[in-house]
Amino acid sequence: MSRHVVLPSGETVPALGQGTWQMAEKSTGRAQEIEALRLGVELGMTLIDTAEMYGEGASEKLIAEALGAERESLFLVSKVYPHNASRKGVVEACERSLRRLKADRLDLYLLHWRGNEPLEETVAGFEDLRRSGKIRHWGVSNFDTDDMEELFEIEGGTNCATNQILYNVTRRGPEYDLIPWMAERKMPLMAYSPIEQGRLPKAGILQTIGRHHKASPYQIALAWLLQKPGIIAIPKASSTDHVRENRKALDIQLSPDELNAIDAEFPPPKRKRPLEMI
């Protein structure tokens, strides 16, 4: 089973992609990480997320080595540091990322988080890149609702394609106002750390439901996320076994009773909470 999410442009992307945070940091795991990325693409997880921050470019170089031959089948996402997010700086940072990725364009380019550069400058840089064909879409990361409202007041700001945030079954704060705000504007959310970097509780309702589906608590947590509309999940997997486990989460259909039981143990927010980051 494959699920897709629609971007504001009408283009569809896989609901389940691959993250690369903390990959390429140890040479001993490189061959295993390359194998994992390649298998993920074979299994349909063709959206690949990285950033200039990840290993200071090492993650982008790993992707080039692993998936250079697959470029045309990929949806490549990278992110710019806030301190590089001036109008000129965005363009220069993108060009550096493209060189490391050995690619001629990014499918999606994100501002990693808000910094001191004016949003007007960053958006202008993104639009320059889009017009020149170096990126196809742009978006933001770690933006709360007030940040998104401010972005939409800027000229060109409504061209934002997505917002990548920390969101999983234990971090449901964005459901209070940010996710509804984005849904109203038909903007998908990209969820990073969808299984809380493996720190989800192993006992409890996720384990109970997992037994019924012959799945791990992590697979249930990922399936819960993937069942929500307009959500792109980007778990990292450094081994082929982990890639296969992530992919199987797409085949798990949770029942209304199971979803209610998850809500009982991990309640949705009843008030506004500040956006969390890892």
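Relevant structure appears above.
The shown structure was predicted, so the numbers you read here are calculated from the model rather than taken from an experiment.

## Some thoughts on the pairing of strand E6 (residues 106-111)
In terms of residue burial, E6 counts as a mostly covered element, since six of its six residues are buried. In terms of strand pairing, strand E5 (residues 75-80) meets E6 through four bridges, oriented parallel. Opposite Val80, over in E6, you have Leu111 as the bridge partner. Note on the crossover from E5 through helix H3 (residues 87-101) to E6: the handedness is right-handed. Taken together, the five bridges between E6 and strand E7 (residues 135-141) define a ladder with parallel strand orientation. Looking at E7, one finds that Leu110 is bridged to Gly139.

## Thoughts on the sheet that holds strand E10 (residues 231-233)
In space, the eight strands of this open sheet follow the order E3-E4-E5-E6-E7-E8-E9-E10, with parallel pairing throughout. Either end of the sheet is taken by a strand with one partner, and the two such strands are strand E3 (18-19) and E10. Of the pairings in the sheet, the one linking strand E4 (residues 47-49) to E5 comprises three bridges and is parallel in character. In the strand pairing of E5, Leu47 is matched with Phe75. Helix H4 (residues 119-132) contacts E5, E6 and E7 of the sheet and is inclined by roughly 160 degrees relative to E7.

## As for the layout of surface pockets
Put simply, the largest pocket is a space of about 520 Å³. The wall of the largest pocket is formed by 29 residues, among which Trp21, Ser193, Gln197, Ile234 and Lys236 lie closest to the centre. Counting residues per element, the ones that place at least two in the lining of the largest pocket are helix H8 (217-226) and helix H9 (240-248). By volume, the second largest pocket amounts to about 270 Å³.

## A closer look at the packing of aromatic side chains
Scanning all chains against the criterion turns up five aromatic pairs. Measuring from centroid to centroid gives 5.2 Å for Phe126 and Trp138, while their planes differ by 15 degrees, and the two rings are stacked. Placement of Phe126 in helix H4 and of Trp138 in strand E7 is noted, with a sequence separation of 12 residues between them. Note on Phe126: relative accessible area 1%, which makes it buried. The exposure class assigned to Trp138 is buried, which follows from its relative accessible area of 1%. Pairing Phe152 with Trp181 gives two aromatic rings, centres 5.0 Å apart and planes at 75 degrees, and the pair type is edge-to-face. A residue pair is termed long-range when its members are at least 10 positions apart, and Phe152 in helix H5 (residues 145-153) and Trp181 in helix H6 (residues 178-184) qualify at 29 residues.

## Observations concerning the pattern of salt bridges
According to the stated counting rule, one finds 24 salt bridges in the structure shown. The salt bridge partner of Glu65 is Arg30, with a shortest N-O separation of 2.9 Å. Here Glu65 is found in helix H2 (residues 58-67), whereas its partner Arg30 is found in helix H1 (residues 30-42), with 35 residues between them in sequence. Accessibility expressed as a relative area gives 26% for Arg30, which makes it partly exposed. Notably, a salt bridge pairs Arg185 with Glu184, separated by 3.4 Å at the nearest N-O pair. The exposure class assigned to Glu184 is exposed, which follows from its relative accessible area of 61%. Taken together, the salt bridges that share partners define one network made up of Glu11, Arg71, Asp107 and Arg136.

## Points about unusual backbone geometry
Look at Glu56: it is not a glycine, yet its phi comes out positive at around 50 degrees. A positive phi angle, close to 55 degrees, is found at Lys214, a residue other than glycine. Along the polypeptide, Lys214 turns up in the loop between helix H7 (205-213) and H8. The exposure class assigned to Lys214 is exposed, which follows from its relative accessible area of 79%.

Conventions adopted
- Residues numbered from 1 in each chain as written.
- Predicted model: local features only at pLDDT ≥ 70, side-chain atom pairs only at ≥ 80, totals over all residues.
- Heavy atoms only, no water.
- Buried < 20%, exposed > 50% of the residue type's maximum accessible area, 1.4 Å probe, protein only.
- Helix = DSSP H or I, 4+ residues; strand = E, 2+ residues; numbered from the N terminus.
- Pairing = 2+ DSSP bridges.
- Right-handed = clockwise from strand over helix to strand, strands pointing away.
- Contact = heavy atoms within 4.5 Å.
- Axes fitted to C-alpha atoms, helices over the stretch in contact; angles between N-to-C directions.
- 1 Å grid on protein atoms, 1.4 Å probe; cavity = no way out; pocket = protein on both sides within 12 Å on 5 of 7 lines; lining within 4 Å.
- Points joined across faces, edges and corners; volume = space filled by probe spheres on them.
- Phe/Tyr/Trp six-rings, centres within 6.5 Å; stacked < 30°, edge-to-face > 60°.
- Salt bridge = Lys/Arg side-chain N within 4 Å of Asp/Glu carboxyl O.

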